[in-house]
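Here is how the chains run, residue by residue.
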Amino acid sequence: NIIPVMDLSIIIPAYNEEQNIGYLLRRLLAQRETFFSIEKIIVLSDASCDATDREVQNVLDNRIQLVRNAKREGQAVCQNILFQRANTDVVVLFEGDTLPQGKNFLANLLEPMVSGKFTEVAYSNVVPVASPSTIGKAVLLQYSIYHSLYIADSNLKKNFSSGRSGRAFTKTVYTKLRWPK
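Conventions used here
Residues numbered from 1 in each chain as written. Predicted model: local features only at pLDDT ≥ 70, side-chain atom pairs only at ≥ 80, totals over all residues. Heavy atoms only, no water. Helix = DSSP H or I, 4+ residues; strand = E, 2+ residues; numbered from the N terminus. Buried < 20%, exposed > 50% of the residue type's maximum accessible area, 1.4 Å probe, protein only. Polar contact = N/O pair within 3.5 Å; in protein donor to acceptor, adjacent residues only side chain to side chain. Contact = heavy atoms within 4.5 Å. Arc of directions from axis to C-beta. Phe/Tyr/Trp six-rings, centres within 6.5 Å; stacked < 30°, edge-to-face > 60°. Salt bridge = Lys/Arg side-chain N within 4 Å of Asp/Glu carboxyl O.

*Asks:* How do you make sense of unusual backbone geometry when you look at a structure like this?
*Replies:* Excluding glycine, residues mostly have negative phi values, and the peptide bonds linking residues are mostly trans. For asparagine 16, which is not a glycine, the phi torsion comes out positive at approximately 50°. Within the fold, asparagine 16 resides in the loop between strand E1 (6-14) and helix H1 (21-29). On the accessibility criterion, asparagine 16 (27% relative accessible area) is partly exposed. For alanine 47, which is not glycine, the phi dihedral falls at a positive 55°. In this fold, alanine 47 is placed in the loop between strand E2 (36-45) and helix H2 (52-58).

As structure tokens, this is what we get:
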């Protein structure tokens, strides 16, 4: 079987993400582009007042585009703007504070689209790191319960999406998708 090649835009709304945005961009640029090609990575700085913009500009790659809002608009508006700026087969939405693990993260995220398991939307969840703090234990417990339910209930797999670490949308979906303000 021939694996189809898809064009990919990565979109990242960011507000005051100077601590992570450079790491995120370098991780995305290091992905193994097996059956996809990263055409562009668009970061929308939502009137960040820290060094987010400078950190984006310090990652030198002609596929990276920085867009800046003059005033803060919020997550939903930023995502809508980013969806409108994309023009590729697939868009992958990341949050500015995430960090995908491994060089095959995007390939693993997009594989369900190629294999036909999900034809229009795919998502990936973060796995929390074990922590001795009370909050850390609570987050790990919440994830464990969700994961157990997700594995046990095939209907949940079809109808429930929870994930910040990457959501992929086909052109059919993202060109029509607009979040309410």
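Following the structure, the description resumes.
*Asks:* Looking at this structure, I do not really get the side chain of glutamine 31. What am I missing?
*Replies:* Looking at the secondary structure, you find glutamine 31 in the loop between H1 and E2. The exposure class of glutamine 31 is buried, given its relative accessible area of 5%. A distance of 3.2 Å separates a polar atom in the side chain of glutamine 31 from the backbone oxygen of arginine 27. Setting aside chain neighbours within four positions, we find glutamine 31 in contact with Gly102, Lys103, Asn104, Phe105 and Leu106.

*Asks:* So what exactly am I meant to see when it comes to H1 here?
*Replies:* The periodicity of an α-helix, 3.6 residues per turn, causes residues three or four positions apart to be oriented the same way. Here H1 has its buried residues at Ile21, Gly22, Leu24, Leu25 and Leu28. Mapping the buried residues of H1 onto a view down its axis gives an arc of 160°, with all of them on the same face. In the core, the buried residues of H1 are packed alongside E1, E2, H2, strand E3 (64-68) and helix H4 (105-115).

*Asks:* Please explain the packing of aromatic side chains as it appears in this structure.
*Replies:* One pair of aromatic rings is described through two measures. These are the centre distance and the angle between the planes. Inspection of the entire model under this criterion finds four aromatic pairs. For the ring pair phenylalanine 35 and phenylalanine 36, a centre distance of 5.7 Å and an interplane angle of 80° mean the geometry is edge-to-face. Their ring planes at 45° and their centres at 6.0 Å tell us that phenylalanine 94 and phenylalanine 105 sit as a pair that is tilted. Remark: phenylalanine 105 occurs in helix H4 and phenylalanine 94 occurs in the loop between strand E4 (90-93) and H4; sequence separation between them is 11 residues.

*Asks:* How do you make sense of the pattern of salt bridges when you look at a structure like this?
*Replies:* One side chain can pair with another of opposite charge once the charged atoms of both are near each other. If you walk through the whole model with that rule in mind, you get six salt bridges. With a closest N to O distance of 3.7 Å, glutamate 73 and lysine 71 form a salt bridge. Take glutamate 73: its relative accessible area is 24%, and that puts it in the partly exposed class. Several salt bridges converge on common partners, so that one network encompasses Glu33, Asp61 and Arg63.

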